[in-house]
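Residue strings, one per chain:
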Amino acid sequence: MESGISARPQWRWTRLAALATPLALIVLSGACRKPPQVKVDGSSTVAPITMAVAERFKSEQPGIDVTVGISGTGGGFKKFLDPQPDLRTAINDASRPIKASEIETAAKLGIEFIELPIGMDGLAVMVNPKNTFCDSLTVAELKRIWEPASTINNWRDVRAGFPDLPLKLYGPGTDSGTFDYFTEAIAGKEKASRSDYTASENDNTLVQGIAGDPGALGYFGFGYFEANQGKLKLLGIDSSDGHPVKPSLQTVRDGTYKPLSRPLFIYANKSAVARPEVRAFVEFYLTHAQSIVEHPKVGYVALSDELYTLARERFRAGITGSVFGGHESVGVKSLVDLYRAATKSGS
């Protein structure tokens, strides 16, 4: 284990052995109480960051149980905004800003939320390593492949000179924030995608599919490519200037990898934050996110010092709502400007 972070953290609590007498059970009943719990769900892209934070938090706060589920950003928001308060998660991991429809649901349920940016990610577009003919694709080619009306099922139809090889597509499911972002950035409309592809909310399933299919083309978060780069071939993306760029820490940070760079978030339920265990976990998250986000076992891009400071100020002041107003973040160039203005105005 390196720096207190493992790729697959496990949360376990020691169970008391069966006791011999009813009297002993009564005496020790207080010890059987469940520890305070922080329930997190949502994006498979953000999950590795949250799991790493939770593992380090657990080492310092062993009396608090943090559970991290993966239902996709949209699936996570359904749990975050569950009509039954007892079933709601305290925190939602999100690889896109909250949608207008989700904001409306929150308002109807009386749920206030605090939006907190925690890192950046680039969406990686990949093929099988045996693919020697394709090193990059243009945004226009990706659109032709993935748009709802597409009938491209062979590489020879993607570009002149490509071989006669069946094209098999792999990508996130429709509850994924990665799916929402990719379709908005590539097709020009959220959720505008062909449906005849292998879809999964589990990125490991997509890795296995692309790695095992010579004609494969797929996409998911850059962090998962980093963790599995020996099994995959990364493509450059030409945004129409004739200069393909591959995602990396540098190209995502400086904005040259476009249009598939995006911010990542956690959303905290303001009522849940009143519980000391939730407040402690979010404080810990924002304090340590910068070092954890770019840890080799996590592999994303950290925000600037100023943006993490603004996120902490936003959280401590209890500023609710989204700076994006329910819209996707494609094309956003300066998160700092957005959050600086929102923090100063208290909105």
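1. Considerations on the overall build of the protein
Argument step 1. Helix and strand counts for the protein stand at 13 helices and eleven strands.
Argument step 2. Within the span of the protein, comprising 347 residues, buried residues form 53% of the whole.
Argument step 3. In the protein, 75% of the contacts between residues at least 6 apart in sequence involve partners at least 24 apart.
Argument step 4. Total accessible area on the protein is roughly 15,500 Å²; 52% of this is exposed by carbon and sulfur atoms.

2. Describing the nonpolar core
Argument step 1. Core analysis: the biggest nonpolar cluster contains 101 residues, and Leu217, Leu260 and Phe281 have the highest contact counts within it.
Argument step 2. For leucine 217, the residues in contact, after removing those within four places along its chain, are Val125, Met126, Val127, Leu137, Ile145, Trp146, Trp155, Leu167, Lys168, Leu169, Tyr170 and Leu235.

3. Let's talk about the pairing of strand E8 (residues 216–221)
Argument step 1. The buried fraction of E8 amounts to six of the six residues, a majority that puts the element mostly inside the structure.
Argument step 2. Of the strand pairs in this sheet, strand E4 (residues 113–127) and E8 are connected by five bridges, and their pairing is antiparallel. From the neighbouring strand, valine 127 faces E8, where its bridge partner is leucine 217.
Argument step 3. Pairing geometry for strand E6 (residues 168–171) and E8, over three bridges, is parallel. Across the sheet, lysine 168 pairs through a bridge with alanine 216, a residue of E8.

4. A look at unusual backbone geometry
Argument step 1. Cis geometry is found at the peptide bond from lysine 258 to proline 259, where omega equals 5 degrees.
Argument step 2. Mapping proline 259 onto the fold places it in the loop between helix H9 (249–254) and strand E11 (261–269).
Argument step 3. The backbone of lysine 191 shows a phi angle near 70 degrees, a positive value even though the residue is not glycine.
Argument step 4. Here lysine 191 is to be found in the loop between helix H6 (177–187) and strand E7 (198–199).
Argument step 5. Its identity is not glycine, yet serine 240 carries a phi of approximately 110 degrees, on the positive side.
Argument step 6. Tracing the sequence through the fold places serine 240 in the loop between strand E10 (236–238) and H9.

5. Details of empty space enclosed by the protein
Argument step 1. Considering all chains together, one arrives at one cavity of 30 Å³ or more under this definition.
Argument step 2. For the largest cavity, the calculated volume is near 30 Å³.
Argument step 3. Around the largest cavity, the lining residues are Trp146, Phe182, Thr183, Ile186, Ala187, Ala192 and Ser193.
Argument step 4. Per element, the largest residue contribution to the lining of the largest cavity is four residues, and it comes from H6.
Argument step 5. Residues that form the lining of the largest cavity fall into these classes: five nonpolar, two polar and no charged.

6. A short note on the environment of leucine 217
Argument step 1. Here leucine 217 shows up in strand E8.
Argument step 2. Sequence spacing of leucine 217 and isoleucine 145 is 72 residues, and the spatial spacing of their C-alpha atoms is 9.8 Å.

7. Brief notes about the packing of aromatic side chains
Argument step 1. Enumeration over the complete set of coordinates arrives at 17 aromatic pairs.
Argument step 2. Ring centres 5.8 Å apart and planes at 80 degrees place the aromatic pair tryptophan 146 and phenylalanine 182 in the edge-to-face group. Taken as a pair, tryptophan 146 in helix H5 (residues 139–146) and phenylalanine 182 in helix H6 lie far apart in primary sequence, 36 residues in all.
Argument step 3. Its relative accessible area of 3% is what places tryptophan 146 among the buried residues.
Argument step 4. Given a relative accessible area of 2%, phenylalanine 182 falls into the buried group.
Argument step 5. Taken together, the ring pairs in this structure connect Phe77, Phe80, Phe113, Phe265, Tyr267 and Phe324 into an aromatic cluster.

Parameters at a glance
Residues numbered from 1 in each chain as written. Predicted model: local features only at pLDDT ≥ 70, side-chain atom pairs only at ≥ 80, totals over all residues. Heavy atoms only, no water. Helix = DSSP H or I, 4+ residues; strand = E, 2+ residues; numbered from the N terminus. Buried < 20%, exposed > 50% of the residue type's maximum accessible area, 1.4 Å probe, protein only. Contact = heavy atoms within 4.5 Å. Areas by Shrake-Rupley, 256 points an atom, 1.4 Å probe, with all protein chains shown as cover. Core = buried A, V, L, I, M, F, W, Y, C linked by side-chain atoms within 4.5 Å. Pairing = 2+ DSSP bridges. 1 Å grid on protein atoms, 1.4 Å probe; cavity = no way out; pocket = protein on both sides within 12 Å on 5 of 7 lines; lining within 4 Å. Points joined across faces, edges and corners; volume = space filled by probe spheres on them. Nonpolar A, V, L, I, M, F, W, Y, C, P; charged D, E, K, R; others polar. Phe/Tyr/Trp six-rings, centres within 6.5 Å; stacked < 30°, edge-to-face > 60°.

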